[in-house]
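Summary of structural features
Listed here are the chains, written in short residue letters.
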Amino acid sequence: MLAGRSIIITGGSRGIGAELALGLRDAGATVAVADGPYDSREDARRAFSEVAAENGAVDAIVHALLDPDALVPAPLADTSEAAWDERGEAVLRTALWCTQAAYDLFGDRGGQLVLVTPTIGLTGGAGLVPYATAIEGMRALAKSAARQWGARGIALNCVAPPVELVGSVTGPDVAAPALGRLPDARGDVAPVVAMLVAGAFVTGTTIVVDGGMVMAP
Amino acid sequence: MTEPALSGRTVVITGAGDGVGRGIALACGGAGAHVVVMARRENGAETVALVEERGGTGAWVRGDVTVAADVERAVAAAVGAGGGLDAMIHNATSRRSSEPVRLEEVGAEVWDDHAAVSLRGAYHCARAALPALRDRKGTFILMTSPAGMEGSATLPLYGVVKAALRGFAKSLAREWAPFGATVNLVSPLAQTPAMTNAIREDPALADRLAARVPMGRVGDPESDVGPVVVFLAGGGAGYVTGQTLPVDGGRFMTL
């Protein structure tokens, strides 16, 4: 499905990012890992450009730079300003820098950007206020960028797995998965990312891949 | 005569020097609440004067939501005046909220301005208000926007922070539910100074806006948005939490 496609995956060396990288390779793509951290657009652009120099033009970027350590639940009242920033605003800033760097890299050729946004943003989660704040911000970032950059052939979408696939936490008990189990990142989530990367006529949306838990929207 | 809906209640409203924040302050004051107006500029005092014209009471606390100590002072003023706090209302946004911007041109400083007021401001409000809200089983109300729910081609950063506040509020609603405190969002469409300025520059904008609103007009902060906030801050909404209430004449129905 993705033979000849070149993809960069941020956060691709561990956790869900690593699983998605395997799944995208299963689909035939050339996948490069860019792990960050990215504290500026310039940092991200440099990392992405290095991949392009090696692998040729990049068709898609998958942003899966989700630090499992940011997912340690803590009441907001006990969250210091530094921790608020690290677990919340910094996650969102990094997504903004990577989105801008994707724009820089895609240029006039267009491309696909996929943001991995766990369903904890949609459902909310006690103890995970900063993280859910960042995730919902990322979903709107994808929507607004999709509106501004669509004319350049840049599509942005979000893929939302259960938060359990990202860190060792449990999301709110919304409902059991209708399909009877949690999804597998490589076998179940990566194919949905691959469908987007292949160039589906879809932009600004969120595809929930949770086996039928939240059933949103 | 029945008691006003917010009689004996105290509220803090951030960014209440003008626009939607002022309209909410006037509605709350008119409904009997003691209103603490948090604003960086003297227009906060004007809002309080207007609250008093409507027979209400209030106080202006000069402050900036990006500064934790300022928010703590506003909460202390509310608790000192009314013996407690019933509603914390975070309405303040960056001065740059209504400046159109291209995402590819956004720098770190502009982003931080949006994040500091909307997001760090919400964090400061939550932390400062929690002890008092827990005592009274009170409520925390935040303002969001269709720009957050459907994205925006003109105000992308505004959309990002307004969406982020929905993740914030839903999570905090779950976190505070065991205390009996609620957290909700209101998504208003109302005449604001920024909108009035934009219409002065581009008179056709008024018609374009109205055409996208099934009810055919842009709302009024005090008489259209205010009463919904009064409802959320009053005694009848204690079983409503984690929700987004669009108050926009039907502009956004896709929730």
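Cut-offs applied
- Residue positions are given per chain, counting from 1 as you read along its sequence in written order.
- Written order decides the labels, with chains lettered from A and ligands numbered from 1.
- Per-residue local features of the predicted model are confined to residues with pLDDT of at least 70, and side-chain atom pairs are confined, for both listing and counting, to 80 or more; whole-chain, interface and lining totals are unaffected and use all residues.
- For helices the rule is a DSSP run of H or I covering at least 4 residues; for strands it is a run of E covering at least 2, with both sets numbered from the N terminus onward.
- C-alpha atoms define the radius of gyration in this analysis, and the globule rule sets the expected value at 2.2 Å times the number of residues to the power 0.38.
- Exposed residues have 12 or fewer other C-beta atoms within 10 Å of their own C-beta, buried residues have 20 or more, and partly exposed residues fall in between, where C-beta atoms are placed from the backbone.
- Every axis corresponds to a line fitted to the C-alpha atoms, with the helix fit spanning only the stretch in contact, and the corresponding angles, defined between N-to-C directions, vary from 0 to 180 degrees.
- Comment on the angle field: the value is read as roughly parallel under 35 degrees, roughly antiparallel over 145, roughly perpendicular from 65 to 115, and oblique elsewhere.
- Crossing chirality is assigned from the near helix's rotation relative to the far helix, an anticlockwise turn below a right angle marking it left-handed and a clockwise turn marking it right-handed.
- Our contact criterion uses C-beta atoms placed from the backbone: two residues qualify when those atoms are within 7 Å.
- The nonpolar class holds Ala, Val, Leu, Ile, Met, Phe, Trp, Tyr, Cys and Pro. Asp, Glu, Lys and Arg form the charged class, and all remaining residues, Gly among them, are polar.
- The criterion for strand pairing is that DSSP finds at least two bridges linking the strands in question.
- The predictor reports its confidence for every residue as pLDDT, a score running from 0 up to 100.
- In this scheme, a helix's expected span is set at 1.5 Å multiplied by one less than its residue total.
- Arc definition: directions from the helix axis to the C-beta atoms.
- A clockwise course of the path from the first strand over the helix to the second, judged with the strands pointing away from the viewer, identifies a crossover as right-handed.

In terms of regular secondary structure, chain A is built from 6 helices and 6 strands. Starting at the N terminus, the α and β elements of chain A follow one another as β-α-β-α-β-α-β-α-α-β-α-β. What you see for chain A is a C-alpha radius of gyration of 16 Å, in line with the 17 Å of a compact globule of 217 residues. Judged by the C-alpha coordinates and their principal axes, chain A covers about 45 × 40 × 30 Å. Considering chain A as a whole, with its 217 residues, one finds that 56% of them fall into the buried category.

Packing of helix α3 (residues 81-106) of chain A against helix α4 (residues 108-136) of chain B leaves a shortest axis separation of 12 Å and a crossing angle of 150°. Taken together, α3 of chain A and α4 of chain B sit at an angle that is classed as roughly antiparallel. Relative to α4 of chain B, α3 of chain A is oriented so that their crossing is right-handed. Taking contact as the criterion, the partners of Trp84, Glu89, Arg93 and Leu96 of chain A in α3 of chain A are, on α4 of chain B, Trp111, Ala115, Leu119 and Tyr123 of chain B. Looking at side-chain class alone, the contact of α3 of chain A with α4 of chain B contains 6 nonpolar, no polar and 2 charged residues.

Residues and elements named next belong to chain B. The strand order across the open sheet built from 7 strands is β3-β2-β1-β4-β5-β6-β7, with neighbouring strands paired in parallel fashion. Of all the strands in the sheet, just β3 (57-62) and β7 (244-247) have a single pairing partner and so form its edges. Ignoring which end each strand starts from, the neighbouring axes of this sheet average 20° apart. Bridge analysis of strand β4 (residues 87-90) against strand β5 (residues 139-143) gives 4 bridges, and the strand direction is parallel. Pairing of His90 across the sheet is with Leu142, part of β5.

This part covers the confidence of the model for chain B. When the pLDDT values of chain B are averaged, the result is 96; 100% of them are 70 or greater. Across the interfaces of the predicted complex, the ipTM metric reaches 0.97, alongside a pTM of 0.97.

Let us look at unusual backbone geometry. The linkage connecting Gly36 of chain A with the following residue, Pro37 of chain A, adopts the cis geometry, with an omega of 0°. By the secondary structure assignment, Pro37 of chain A is in the loop between β2 (30-34) and α2 (41-55). Positioned with a positive phi, Met215 of chain A is a non-glycine residue whose angle comes to about 50°. Position of Met215 of chain A among the secondary structure elements: in the segment after β6 (206-208). At Lys137 of chain B, a residue that is not glycine, the phi angle is positive and equals roughly 50°. By the secondary structure assignment, Lys137 of chain B is in the loop between α4 and β5.

Right, let's get into the interface of chain B and chain A. Each partner contributes to the interface: chain B provides 32 residues, whereas chain A provides 36 residues. Contributions of two or more residues to the side of chain B that touches chain A are made by α4, α5 (146-150) and α6 (156-176) of chain B. Ranked by residues supplied to the side of chain B that touches chain A, first place goes to α6 of chain B with 15 residues. In the side of chain B that touches chain A, the residues fall into 17 nonpolar, 7 polar and 8 charged.

Residues and elements named next belong to chain A. Read across the sheet, 6 strands follow the order β2-β1-β3-β4-β5-β6 without closing on themselves; strand pairing throughout is parallel. Strand pairing shows two members of the sheet lacking a second neighbour, β2 and β6, which therefore form its edges. In this sheet, neighbouring strand axes are inclined to one another by 20° on average, regardless of whether the strands run parallel or antiparallel. Pairing between strand β4 (residues 111-116) and strand β5 (residues 154-160): 6 bridges, direction parallel. Bridge pairing in β5 places Leu113 opposite Leu156. Strands in contact with helix α1 (residues 15-26) are β1 (6-10), β2, β3 (60-63) and β4; relative to β1, the strand with the most contacts, it is inclined by about 170°. Contacting β1, β3, β4 and β5, α3 crosses the sheet at an angle of about 165° to β4.

For the rest of this paragraph, the subject is the packing of α2 of chain A against α3 of chain A. Residue and element names in this part refer to chain A. Axis separation between α2 and α3 bottoms out at 8 Å; the angle between their running directions is 45°. With respect to α3, the element α2 is oriented oblique. For the crossing formed where α2 meets α3, the hand is right-handed. Across the interface between the two elements, Arg41, Asp43, Ala44, Arg45, Phe48, Ser49 and Ala52 from α2 touch Trp97, Cys98, Gln100, Ala101, Asp104 and Leu105 from α3. Here the residues of the contact of α2 with α3 sort into 7 nonpolar, 2 polar and 4 charged.

Moving on, we come to helix α3 (residues 68-82) of chain B. Within an α-helix, residues lying three or four positions from one another point in the same direction, as the helix has 3.6 residues per turn. Residue and element names in this part refer to chain B. The end-to-end C-alpha distance of α3 is 21 Å, a good match for the 21 Å that 15 residues give at a rise of 1.5 Å each. Residues of α3 that are buried: Val71, Ala74, Val75, Ala77 and Ala78. With its buried residues spanning 150° around the axis, α3 presents them on a single face. Turned more than 90 degrees off the buried face of α3, the exposed positions are Ala69 and Gly80. Packed against the buried residues of α3 are β1 (10-14), β2 (34-39), β3 and α4. Just beyond α3, the residue with positive phi is Gly83, at close to 80°.

On to the pairing of β4 of chain A. Residues and elements named next belong to chain A. In terms of burial, β4 is a largely internal element, 6 of the 6 residues being buried. Side chains Gly111, Leu113 and Leu115 project from β4 onto one buried face, and the interleaved Gln112, Val114 and Val116 project onto a second face that is buried too. The sheet contact formed by β3 and β4 spans 4 bridges and is parallel. Bridge pairing in β4 places Ile61 opposite Leu113. Each parallel crossover has a hand, and for β3 linked through α3 to β4 it is right-handed.

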